[in-house]
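Overview (structure and organization)
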Amino acid sequence: MRLINPHVAQLMNYLKATKIEVGLVLNFGESPEFKRLVYTNNRKSNIKNL
């Protein structure tokens, strides 16, 4: 299985909804692969401790 757009989109939604700014999508299949995503946003300071 390969990394697909819905997996990347789900991680991006998690990053947008929390104070976390860096995330990894990992695939441990026959040919391992990963994608590192960074989402910074000044409005995140308004989010309570999630």
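Our subject is the structure listed above.
Note that the coordinates shown come from a computational prediction; the quantities given were computed from them, not determined experimentally.

One can find Leu-3 in the segment before helix H1 (5-17). On the accessibility criterion, Leu-3 (22% relative accessible area) is partly exposed. Residues Leu-3 and Lys-35, spaced 32 residues apart in sequence, show a C-alpha to C-alpha distance of 8.2 Å. In this structure Leu-3 touches Val-25, Leu-26, Asn-27, Glu-33, Phe-34 and Lys-35, once residues within four positions along its chain are discounted.

A few words on H1. Within an α-helix, residues lying three or four positions from one another point in the same direction, as the helix has 3.6 residues per turn. Between the first and last C-alpha of H1 there are 18 Å, a value that for 13 residues agrees with the 18 Å anticipated at 1.5 Å per step. Along H1, the residues classified as buried are Val-8, Leu-11 and Leu-15. Here the buried residues of H1 occupy an arc of 65° about the axis, which is enough to place them on one side. Exposed side chains of H1 directed beyond 90 degrees from the buried face belong to Asn-5, Pro-6 and Tyr-14. Packed against the buried residues of H1 are strand S1 (22-27) and strand S2 (33-38).

Tracing the sequence through the fold places Asn-27 in strand S1. Owing to a relative accessible area of 11%, Asn-27 belongs among the buried residues under this scheme. Within the structure, the side chain of Asn-27 is placed 3.1 Å from the backbone nitrogen of Gly-29, a separation counted as a polar contact.

Reading guide: rules and limits
- Residues numbered from 1 in each chain as written.
- Predicted model: local features only at pLDDT ≥ 70, side-chain atom pairs only at ≥ 80, totals over all residues.
- Heavy atoms only, no water.
- Helix = DSSP H or I, 4+ residues; strand = E, 2+ residues; numbered from the N terminus.
- Buried < 20%, exposed > 50% of the residue type's maximum accessible area, 1.4 Å probe, protein only.
- Contact = heavy atoms within 4.5 Å.
- Expected span 1.5 Å × (residues − 1).
- Arc of directions from axis to C-beta.
- Polar contact = N/O pair within 3.5 Å; in protein donor to acceptor, adjacent residues only side chain to side chain.

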